[in-house]
Amino acid sequence: MIPPSDKRLFLALPVDLAIASTLLDTARVCCADADKKLYAAQDLHLTIKFFGAVATTKIEQLKQHIKMATNQVSSFSVELKKLSFFSGRHHCVMIALSRLSLPLATLYREINISIQSCGYSVEQKVFRPHVTLLRDAKGMSLIRDEIDVSFNVEELVLYESLKSQDQRFRVVERFALG
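Notes on the structure in this doc start here.

Rules and cut-offs
Residues numbered from 1 in each chain as written. Predicted model: local features only at pLDDT ≥ 70, side-chain atom pairs only at ≥ 80, totals over all residues. Heavy atoms only, no water. Core = buried A, V, L, I, M, F, W, Y, C linked by side-chain atoms within 4.5 Å. Buried < 20%, exposed > 50% of the residue type's maximum accessible area, 1.4 Å probe, protein only. Contact = heavy atoms within 4.5 Å. Phe/Tyr/Trp six-rings, centres within 6.5 Å; stacked < 30°, edge-to-face > 60°. Helix = DSSP H or I, 4+ residues; strand = E, 2+ residues; numbered from the N terminus. Expected span 1.5 Å × (residues − 1).

The next point concerns the nonpolar core. If you look at soluble globular proteins, the nonpolar side chains tend to sit buried side by side. Of all hydrophobic cores here, the largest spans 51 residues; its most connected members are Leu13, Leu23, Ile48, Phe51 and Ile66. Contact partners of Leu23, with chain neighbours within four places excluded, come to Val15, Leu44, Leu80, Ala96, Leu133, Ile147 and Val149.

As structure tokens, this is what we get:
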């Protein structure tokens, strides 16, 4: 359980609303039951780093280090190439997979290096960039549809995960790239 003074934070690339709508429309075509479980367009993002519970006293320091890292990377484009499912510990999720471009890999590396001084270790698992479209996709047929969607990345957003049914995430801060 997260102490009340902590916030459950993650860092992500927001998906443009027009692109998010296109992705969600594609998901609806692929899965008849998708509407009940789809994320809202404004909630679509590509996670760069999940921090988990962060003490409110540590958030300012974390934001300073994220800002230093984002200054090292210019804006770029993310290409989403495949619609797929994968099963995790708790859910089966539908995702739009992205290729790991050099700018995206650089941003990921810069963030991981910068936040080490805040007590975070460098991720050891392979970074698989993706946008989650829906969760709890059990019983849906396994698909691997090719898509060709891209969006420009000009900022990185620090989000707080919420337990509300009305709002999934709250923006804590936005960081312009470069």
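A few words now on the packing of aromatic side chains. For the coordinates displayed, the defined rule picks out six aromatic pairs. Measuring from ring centre to ring centre gives 6.4 Å for Tyr39 and Phe169, while their planes differ by 55°; the resulting arrangement is tilted. Here Tyr39, found in the loop between helix H1 (17-30) and strand S2 (45-55), pairs with Phe169, found in strand S8 (residues 169-176); they are 130 residues apart in sequence, far enough to count as distant. Here the two residues Tyr39 and Phe169 agree in accessibility, since each one is buried. Each ring, one from Tyr108 and one from Phe127, has its centre 4.1 Å from the other, and the planes form 5°; the classification is stacked. You can see Tyr108 sitting in helix H3 (residues 102-114) and its partner Phe127 sitting in the loop between H3 and strand S5 (130-134), a full 19 residues away along the chain.

Our next topic: H3. A rise of 1.5 Å per residue sets the reference length of H3, with its 13 residues, at 18 Å; its end C-alpha atoms lie 18 Å apart and thus fit the reference within 8%. Turning to H3, its buried residues number three or more, namely Leu104, Thr106, Leu107, Tyr108, Glu110, Ile111, Asn112 and Ser114.

What follows deals with the environment of Ala53. Relative to the assigned elements, Ala53 resides in strand S2. Of the residues examined, Ala53 reaches a relative accessible area of 43% and is grouped as partly exposed. Distance from Ala53 to Phe10, taken between C-alpha atoms, is 9.4 Å for residues 43 residues apart in sequence.

With that settled, the discussion passes to the environment of Ser98. Note that Ser98 resides in strand S4 (residues 92-98). Look past the residues within four positions of Ser98 in its chain and what remains in contact with it is Leu46, Val78, Glu79, Leu80, Leu104 and Pro129.

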